[in-house]
Each structure stands twice: as C-alpha cells, then as structure tokens.
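Chain by chain, the residues:
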Amino acid sequence: MLLPETVAKQIIADHQRRPRHTGALDGVPGVTLDNPGCGDQVTVWADVQGGRIGQLTFTGKGCAISQSSASLMTVALTGKTLPEARALAATFRAMVMGDAEGTPDLGDLLALAGVSRLHARRKCALLPWRALEQALEDAPHPQP
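Since we're looking at a predicted model, the values are computed, not measured.

Visitor: An account of the overall build of the protein chain is needed here, citing residue identities and associated values.
Guide: Along its length, the protein chain carries four helices and three strands. Traced from its N-terminal end to its C-terminal end, the protein chain shows the element sequence α-β-β-β-α-α-α. Since a compact globule built from 144 residues should have a radius of gyration of about 15 Å, the 14 Å found for the protein chain is in line with a globular shape. With the principal axes as the frame, the protein chain shows a C-alpha extent of 45 × 30 × 25 Å. In the protein chain, which comprises 144 residues, the share counted as buried stands at 44%. Long-range pairs, those at least 24 residues apart, make up 57% of the contacts in the protein chain with a sequence separation of at least 6. As displayed, the protein chain offers around 7500 Å² of accessible surface, 53% of which is attributable to carbon and sulfur atoms.

This is how it looks when you write it as structure tokens:
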C-alpha cells in the first residue's frame, strides 16, 4: 500500500518541521545512535510500564528522513504493548528494506515507503528504530 507522493512528502515535511514527542524523559535512560555516513543522530527514550510503552520520545539532528521517521515512530508506538510495538517495527523495517509492501496498520509511517528505493536513505529511516530496539532491550522487565 502506498500513499500518493504528494501526501507522503507533506507528512514527512510536517514531522520534520513540527516533530512530536521530543525531549528527554526524566529517570529513563536514553539510547543514542549515529549514522556517520550522513551525520544523522538520534536519542530515544522509552518508558515501559507493565509491558506497554507509556511514553516514547526522541531528540536528534539530521536529514528529513531520520527526523520524521523518529517523530512518526513515537506517534505510532506510544501506548502499544511491547509485542504490538515489535510487530509494527518489523512491518516498518520490511517496508523500508523493500522486502514487503506497507500495510494499513502502519498509518502515516507509509509516507516513508519510498525510502525502499533509496538504498543510502534506508539507514536514515531505520536509525531511530534501531535506537528504540536497544532502548526496549535495556528497559526494566517486570518479574512474573
């Protein structure tokens, strides 16, 4: 599933100009990753409570793709359970890598479907998702 190119560009530009869910979360360790090839940098904070992403924020600098991907990610995953978040992340990754079509459950993340044709930009789109993956690994896991 693809969004019309003009809509995709509008979504990307909007999230680059007005990123959502930005700033550090007190008491939550952030994970910072860099993409040295193009200078992108992103730090992601994931506050996981009871197996659910209660808050998800980021800060960063870099290209429109990396920064809009981070902003879109925070909107899409806030409030999701960890299995839901991981499933959506896998669907997004498959779309960006060109391994699968985007699906409607990606919502506005479909705006980044065109990145699959731009091999050098795939790393940009996936950078915040890689940071999230590490943040979720580092998040405290409740004892049964």
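Visitor: Describe in detail the confidence of the model for the protein chain, supporting the description with residues and values.
Guide: This prediction gives the protein chain a mean pLDDT of 94; 96% of its residues lie at or above 70. For the protein chain, helix H1 (residues 5-17) is the element with the lowest average pLDDT, namely 94, and helix H2 (residues 64-77) is the one with the highest, namely 98.

Visitor: Just give me the short version of the packing of aromatic side chains, but keep the residues and values in it.
Guide: As enumerated under the stated definition, the model contains one aromatic pair in all. Between Phe 92 and Trp 129, the ring centres sit 4.4 Å apart and the planes meet at 20 degrees, which makes this aromatic pair stacked. Here Phe 92, found in helix H3 (residues 82-96), pairs with Trp 129, found in helix H4 (residues 119-138); they are 37 residues apart in sequence, far enough to count as distant.

Visitor: Explain the nonpolar core to me, and be specific about the residues and the numbers.
Guide: Membership of the largest hydrophobic core comes to 42 residues, with the highest contact counts inside it found for Val 44, Leu 56, Leu 77, Phe 92, Leu 109 and Leu 132. Of all the secondary structure elements, the ones that give two or more residues to this core are H1, strand S1 (30-35), strand S2 (40-49), strand S3 (52-61), H2, H3 and H4. Each residue touching Phe 92, except ones within four places of it in the same chain, is listed here: Ser 69, Leu 106, Leu 109, Leu 112, Ala 125, Leu 126 and Trp 129.

Visitor: Got a sec to walk through unusual backbone geometry? Specific residues and values, please.
Guide: Within the chain, His 21 stands out as a residue other than glycine whose phi angle is a positive 50 degrees. Mapped onto the elements of the fold, His 21 is located in the loop between H1 and S1.

Visitor: Residues and numbers for the sheet that holds S2, please.
Guide: Taken in spatial order, the three strands make up an open sheet running S1-S2-S3, and their pairing is antiparallel. Where the open sheet ends on each side, the last strands, each with one partner, are S1 and S3. Neighbour-to-neighbour, the strand axes of the sheet open up by a mean angle of 20 degrees, direction not taken into account. Of the strand pairs in this sheet, S1 and S2 are connected by six bridges, and their pairing is antiparallel. Its bridge partner being in S2, Asp 34 is matched across the sheet by Gln 41. Sheet strands in contact with H2 are S2 and S3, and its direction is about 170 degrees off that of S3. The strands touched by H4 within the sheet are S1, S2 and S3, with S2 carrying the most contacts at an inclination of about 35 degrees.

Calculation notes
- Residues numbered from 1 in each chain as written.
- Predicted model: local features only at pLDDT ≥ 70, side-chain atom pairs only at ≥ 80, totals over all residues.
- Heavy atoms only, no water.
- Helix = DSSP H or I, 4+ residues; strand = E, 2+ residues; numbered from the N terminus.
- Rg over C-alpha atoms; globule rule 2.2 N^0.38 Å.
- Buried < 20%, exposed > 50% of the residue type's maximum accessible area, 1.4 Å probe, protein only.
- Contact = heavy atoms within 4.5 Å.
- Areas by Shrake-Rupley, 256 points an atom, 1.4 Å probe, with all protein chains shown as cover.
- pLDDT = per-residue confidence, 0-100.
- Phe/Tyr/Trp six-rings, centres within 6.5 Å; stacked < 30°, edge-to-face > 60°.
- Core = buried A, V, L, I, M, F, W, Y, C linked by side-chain atoms within 4.5 Å.
- Pairing = 2+ DSSP bridges.
- Axes fitted to C-alpha atoms, helices over the stretch in contact; angles between N-to-C directions.

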